[in-house]
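Secondary and tertiary structure notes
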Amino acid sequence: MSAPILNEKNKDLKKLVKREYKEGFVTDIESDTFEPGLDEDVIRRISAKKNEPEFMLEYRLKAFRSWLKMPEPSWAHIDYPKIDFQSIAYFSAPKEMPQLDSLDQVDPKLLETYAKLGIPLEEQKMMNNVAVDAVFDSVSVRTTFRETLSKAGVIFMPISEALQEHPELIKQYLGSVVPTKDNYYAALNAAVFSDGSFVYIPKGVRCPMELSTYFRINEMNTGQFERTLIIAEEGAYVSYLEGCTAPQRDENQLHAAVVELVAHKDAEIKYSTVQNWYPGDENGKGGIYNFVTKRGLCKGDNSKISWTQVETGSAITWKYPSCVLQGDNSVGEFYSVALTHNKQQADTGTKMIHMGKNTSSTIISKGISAGHGHNTYRGLVKILKGADNARNFSQCDSLLMGDQCGAHTFPYMEVQNPTANLEHEATTSKISEDQLFYLKQRGLGEEAAVSMIVNGFCKDVFRELPMEFAVEAQKLLEVSLEGAVG
Amino acid sequence: MITANENTSWITAHADVALSGANIAWLNQQRKSALTQFEAVGLPGVRDEDWRYTNLRALKSNDYALTSASSLNIELADTTNPRLVFVDGHLDQAASTGLSDSVTSLKDSLEIVEAHFSSTLPKKPHGFTALNTAYAHDGYVVHLKSGQVLEGVLEVVFVSQSADAVSHTRNLIIADANTQCTIVERHVGTHGTVYLNNVITEVVAGDNAHVDHYKIQQESNDAFHMGGVFINQAKGAHVKSHNIALSGLVTRNDIHSNLLGQGAHVEMNGLVIGQGRQHVDNHTEVNHAVPNCTSDEYYKTVLDDHSRSVFRGRIIVAKDAQLTNADQQNNNLLLSKDAEADCKPQLEIYADDVKCSHGATVGQLDPVSLFYLKSRGIDAKSANALLTFAFANEVIERINVDSVRQELTQIIAGELLSGLEELV
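Residues numbered from 1 in each chain as written. Chains lettered and ligands numbered in written order. Predicted model: local features only at pLDDT ≥ 70, side-chain atom pairs only at ≥ 80, totals over all residues.

**Regarding the overall build of chain A**
A count of helical and extended segments in chain A gives 11 helices and 24 strands. Residue pairs at least 24 apart in sequence account for 83% of intrachain contacts in chain A once pairs closer than 6 positions are excluded. (Helix = DSSP H or I, 4+ residues; strand = E, 2+ residues; numbered from the N terminus. Contact = placed C-beta atoms within 7 Å.)

**A word on the overall build of chain B**
Within chain B one finds eight helices and 21 strands. The C-alpha atoms of chain B give a radius of gyration of 21 Å, which matches the 22 Å a tight globule of 424 residues would have. Taken along the three principal axes of its C-alpha coordinates, chain B extends 70 × 50 × 45 Å. Within the span of chain B, comprising 424 residues, buried residues form 51% of the whole. Long-range pairs, those at least 24 residues apart, make up 81% of the contacts in chain B between residues at least 6 apart in sequence. (Rg over C-alpha atoms; globule rule 2.2 N^0.38 Å. Buried ≥ 20, exposed ≤ 12 C-beta atoms within 10 Å, placed from the backbone.)

**A short note on the interface of chain B and chain A**
Much of the literature gives interface size as the accessible area that the parts lose upon coming together. Residue-level contacts link 30 residues of chain B with 30 residues of chain A. If you list the elements that add at least two residues to the side of chain B that touches chain A, you get strand 20 (340-349) and strand 21 (355-363) of chain B. Residue contributions to the side of chain B that touches chain A peak at 10 residues, all from strand 20 of chain B. Considered class by class, the residues forming the side of chain B that touches chain A number 14 nonpolar, eight polar and eight charged. Relative to strand 21 of chain B, strand 24 (residues 421-430) of chain A is paired through seven bridges, and the arrangement is antiparallel. By the bridge assignment, His424(A) is partnered in strand 21 of chain B with Ala360(B). (Nonpolar A, V, L, I, M, F, W, Y, C, P; charged D, E, K, R; others polar. Pairing = 2+ DSSP bridges.)

**Here's the deal with the nonpolar core**
The nonpolar side chains of a soluble globular protein tend to be buried, and buried together. Core analysis: the biggest nonpolar cluster contains 210 residues, and Val199(A), Val238(A), Leu261(A), Val142(B), Ala205(B) and Val317(B) have the highest contact counts within it. For this core, the element with the most residues is helix 8 (residues 184-192) of chain A, which contributes seven residues. With residues near it in sequence (within four places) discarded, Val142(B) still touches Ser102(B), Val103(B), Leu150(B), Leu154(B), Ile173(B), Ile174(B), Cys181(B) and Ile183(B). The next biggest cluster of nonpolar side chains, apart from the first, holds 23 residues, and it includes Ile2(B), Ala4(B), Tyr64(B) and Ala165(B). (Core = buried A, V, L, I, M, F, W, Y, C linked by C-beta atoms within 7 Å.)

**Details of unusual backbone geometry**
Residue and element names in this part refer to chain A. Positive phi is not limited to glycine here, since Ser 314 has a value of about 70 degrees. The residue Ser 314 is located in the loop between strand 14 (304-311) and strand 15 (316-319) in this model. The backbone of Asn 358 sits at a positive phi, close to 55 degrees, despite the residue not being glycine. Position of Asn 358 among the secondary structure elements: in the loop between strand 19 (351-354) and strand 20 (360-370). Here Asn 358 falls in the partly exposed class, since 19 other C-beta atoms lie within 10 Å of it.

**Some points on the environment of Tyr240(A)**
All names here are of chain A. Looking at the secondary structure, you find Tyr 240 in strand 9 (residues 237-245). Residue Tyr 240 is classed as buried on the basis of its 26 C-beta neighbours within 10 Å. With residues near it in sequence (within four places) discarded, Tyr 240 still touches Val 199, Leu 211, Ile 230, Lys 270 and Tyr 271.

**Examining the confidence of the model for chain A**
Residues and elements named next belong to chain A. Averaged over all residues, the pLDDT of chain A equals 82, while 79% of them reach at least 70. In the model, residues 97-102 has pLDDT below 50 throughout and makes three contacts with residues more than four positions away in sequence or in other chains. Confidence over residues 122-129 falls short of pLDDT 50; this stretch has nine contacts with residues more than four positions distant or in other chains. (pLDDT = per-residue confidence, 0-100.)

**Examining the pairing of strand 6 (residues 140-144) of chain B**
All names here are of chain B. Within strand 6, five of the five residues are buried, which leaves it mostly tucked inside the rest of the structure. With burial as the criterion, each face of strand 6 is covered, one bearing Tyr 140, Val 142 and Leu 144 and the other bearing Val 141 and His 143. As paired elements, strand 5 (residues 103-105) and strand 6 share three bridges and run antiparallel to each other. The partner of Val 103 across the bridge, within strand 6, is Val 142.

**A few points about the domain arrangement of chain B**
All names here are of chain B. Each assigned domain of chain B is listed with its residue range as follows: domain 1 (2-261) and domain 2 (366-424). Spacing between the C-alpha centres of domain 1 and domain 2 amounts to 32 Å. Residue-level contacts link eight residues of domain 1 with six residues of domain 2. Contributing elements (two or more residues each) for the side of domain 1 that touches domain 2: strand 9 (180-189), strand 11 (210-218) and strand 13 (238-247). Tallying contributions element by element places strand 13 first for the side of domain 1 that touches domain 2, with three residues. (Domains from an automatic or database assignment.)

**Remarks on the packing of helix 6 (residues 367-375) of chain B against helix 7 (residues 380-396) of chain B**
Residue and element names in this part refer to chain B. Interhelical geometry of helix 6 versus helix 7 gives an angle of 130 degrees and a closest axis separation of 9 Å. By the angle class used here, helix 6 and helix 7 are oblique. Crossing geometry of helix 6 relative to helix 7 is assigned as right-handed. Along the contact surface, helix 6 presents Ser 369, Leu 370, Leu 373 and Lys 374, while helix 7 presents Ala 380, Ala 383, Asn 384, Leu 386 and Leu 387. Split into classes, the residues belonging to the contact of helix 6 with helix 7 amount to six nonpolar, two polar and one charged. (Axes fitted to C-alpha atoms, helices over the stretch in contact; angles between N-to-C directions. Parallel < 35°, antiparallel > 145°, perpendicular 65-115°, else oblique. Left-handed = near helix turned anticlockwise from the far one by under 90°.)

**A closer look at the packing of helix 1 (residues 7-14) of chain B against helix 2 (residues 25-41) of chain B**
Residue and element names in this part refer to chain B. As a packed pair, helix 1 and helix 2 sit with axes 9 Å apart at the nearest point and diverge in direction by 165 degrees. When the axes of helix 1 and helix 2 are compared, the pair comes out roughly antiparallel. Every pair of crossing elements has a handedness; the one defined by helix 1 and helix 2 is left-handed. Along its contact with helix 1, which presents Asn 7, Trp 10, Ile 11 and His 14, the element helix 2 presents Leu 35, Phe 38 and Glu 39. Considered class by class, the residues forming the contact of helix 1 with helix 2 number four nonpolar, two polar and one charged.

Given below as structure tokens:
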């Protein structure tokens, strides 16, 4: 088959299939939302609303003051109008929210929303062994399986509750991996974050089930600033998954989260993200600005932190899940699939900071650009002087679909130790007509063939996701790519 | 004297420069705007993304005097090739052979270079590039008229012999359609002398022109070398740039190629042999502006003692540049615990039907290969040296000029890897 015919066909396909964002509905629910604007008073009000201990308010104010002095970063390969931080509401909560003891007390409308999203909040209906913490706008609405978890000694609760029940743990760990002054968005988050998940796995415990948080932005003009803190004590293991969606709106909404992971000796944390914030329409109108700081500290020897992310949503993604490999023999991993379609832009990657001896890290990044999307991998592998026998393997592959998109790679390697072994590989290519032809002559339709090739391209990453989510991610990718064949 | 750390000092000193051609309008215009550019950007610092790994504190803490013409007072190795000699940035007529209609000095060929001067430079030049345009007083010009072949190899030696001197030289290779030339540019100095050598070579390669450019740096161990090789390539032009850094305290090279005509091909080879406190920063950039061009980059680094190398390799594939084939390799070998390698490959791709890849490694010699050699009765030291040489040799092998290849083999195998010369 010759190329022109193929292109003609693609055009028809493009017309036929329009991508739908099926999570784009709005839930009509009464909420308690602050008026837009940000000053010390707003922060005091957030803190008061949450009935926080004094140290927390101070922490927030300190972060806010340093945020005021920080310039907005501009180095990323993304282009967007300046964000007006005063036009954002920094707190929004569904109204009438007394302490929830059972599912019956949750607003049925909320349950409906989560049902629509396919989040199994009702324990009895759950097929998977997954405990869910659902965060709606700024507050956590429901955490499931709490009892089962507490029997194992695992603490899994909204961070606002953890502040009441375990303030000493929060005080000890909050900001220990991502300090308030770390970067512009982390400082903003530290000042205004309203909720998020807190996980504590005690010594020697293997968390009996997958933990999961579901994030949903519902209210207009609000920003979502959640904070996740996961601590795995010596020998503990936890696998954690987060998912996110938002309604379809014309204006951009800001999401600036911070995730901190601490893995002590012999502990392992596996953190997976399926990010499907509203990406904006095909003309780039609307969509979520996703500015996220994620960092894990492999504090103890033989600890391991693994990040897996599937990024298909958001108008702008600015996200660099990182590992600080402090303990000897610690391991950091980063697996990523980032898809940009229409006018989406993603600047994402990782940082692996090798400090301990015999540390190793693996980076597998797969970027797919379609339509007018721009996809950038930006990563740093740093081997400090004392990090003897450090090992890193990085692979960043880009797949281009269409002649209007872009794929970029900006890896940084800094090596101060001669025993280090680093390899970096990057390739950029498109789906070859040979591959397509082969699959088609085996009886596959064009869409199915493309989807199969893309899935093969992403296999290394999907393999790392918990099984149910791997299937989910695969479907998500299919939906996101509809109409992008070419 | 110019106080390097004070930008105003560079600007006021410009008035003292009695340059030939100072009354030429276009040149004055260029110098003026370059000086304005410099005023805006100043000398770079570690806060600039492109200079984040290169600290210029030592360079900036010194004072420099502008040089005037003097004659050669060191002895150069014999050569059978035609050779131009520049002393402290000024052509030494007496020591030079090979001047002809096609090979001249910048001073004598201002009317020839008018159309090309600064035409290859980046749009936003850094401080040293701006200063070079503002101050450039001499350099070599190779101008080949359509169909002309410059037989053999032209050698150009830049000797820096005055201490605390700064020279700004600008060279141009203007190769019209269907021409061919091979130029070996050397930068030498006496160890122990502090000076700043700011040198830019512009290559304007016309349709199907073949230019082979070598830049071999054997600067003084205390010298600063700020260099640039900027290339524009028209349809079917083939340019090879070889960039070999053997010594110098702080070396920076910007090697850029703009592929402006279909079928153009650029090859960039680089080798850094770092010792002592040497710091070498190579920034390459290949700009694929049109379809059907190819580029091939191969940079290797061997670092010993406290040496440090920085590599930034950028490949840009413009929206329309379909069927681009770009490859980049950067391999670093660390021999000492105090050595450091920083590398930053970058791909920016705006077209879909392209093949682009880059690879970067940092590591040591392969223990299995070492074991193999030792099992064959070769002692550890020689085995190490052999493998290190083999690593560097992959770049040396790409050198097409026999005499240069042999010379570098001798230097690297003999002096740097102590006593291997019998083996190679």
